[in-house]
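Close look at the chain arrangement
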Amino acid sequence: MFSNEFGKIMELINQNILILCDTSSITNKDQQRFIDMVYGGVYGLKGKIKEISNKIFLYIPQNFDLIDDSEKS
């Protein structure tokens, strides 16, 4: 079901391309499954994931440094 989208995301992460993904159009059940698949793939490629909002995620390739002002005290 999500293999095409998952494959594209993994290919882009592997090419060191930053990805912003909005999952709001996916049903809650399918959304969790999709997020779990992508988390595993991004983790396997030594990338990072930042949750921007409830249904929006930033997939960060291994060689990116993210400066997040919201985490400063």
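Before any of the text, the structure's been laid out above.
Below, the structure is looked at part by part. (Residues numbered from 1 in each chain as written. Predicted model: local features only at pLDDT ≥ 70, side-chain atom pairs only at ≥ 80, totals over all residues. Heavy atoms only, no water.)

Structurally, Gln 31 is set in helix 2 (residues 28–44). Relative accessible area serves as the criterion here: at 7%, Gln 31 is assigned to the buried category. For Gln 31, the side chain forms a polar contact with the side chain of Lys 55, separated by 3.5 Å. Setting aside residues up to four positions removed in sequence, Gln 31 forms contacts with Thr 23, Ile 26, Asn 54, Lys 55 and Phe 57. (Helix = DSSP H or I, 4+ residues; strand = E, 2+ residues; numbered from the N terminus. Buried < 20%, exposed > 50% of the residue type's maximum accessible area, 1.4 Å probe, protein only. Polar contact = N/O pair within 3.5 Å; in protein donor to acceptor, adjacent residues only side chain to side chain. Contact = heavy atoms within 4.5 Å.)

Taking 1.5 Å as the rise per residue, helix 2 with 17 residues should run 24 Å; its terminal C-alpha atoms sit 24 Å apart, in good agreement. What helix 2 keeps buried is the set Asp 30, Gln 31, Phe 34, Ile 35, Val 38, Gly 41 and Val 42. Down the axis of helix 2, the sector holding all buried residues measures 130°, keeping them to one side. Across from the buried face of helix 2, at angles greater than 90 degrees, the exposed residues are Lys 29, Tyr 43 and Gly 44. Positive backbone phi, at 60°, marks Lys 46, one or two positions downstream of helix 2. (Expected span 1.5 Å × (residues − 1). Arc of directions from axis to C-beta.)

The antiparallel open sheet is built from 3 strands, whose spatial order is 1-3-2. Only two strands of the sheet have a single partner each, and these edge strands are strand 1 (19–22) and strand 2 (48–53). Each strand axis lies, on average, 25° off the axis of its neighbour in the sheet, ignoring direction. The sheet contacts of helix 2 involve strand 1, strand 2 and strand 3 (56–60), and relative to strand 3 the element is tilted by about 15°. (Pairing = 2+ DSSP bridges. Axes fitted to C-alpha atoms, helices over the stretch in contact; angles between N-to-C directions.)

Tracing the backbone through its elements, the reader meets Thr 23 in the loop between strand 1 and helix 2. Aside from chain neighbours lying at most four places away, what touches Thr 23 is Gln 31, Phe 34, Ile 35, Lys 55 and Phe 57.

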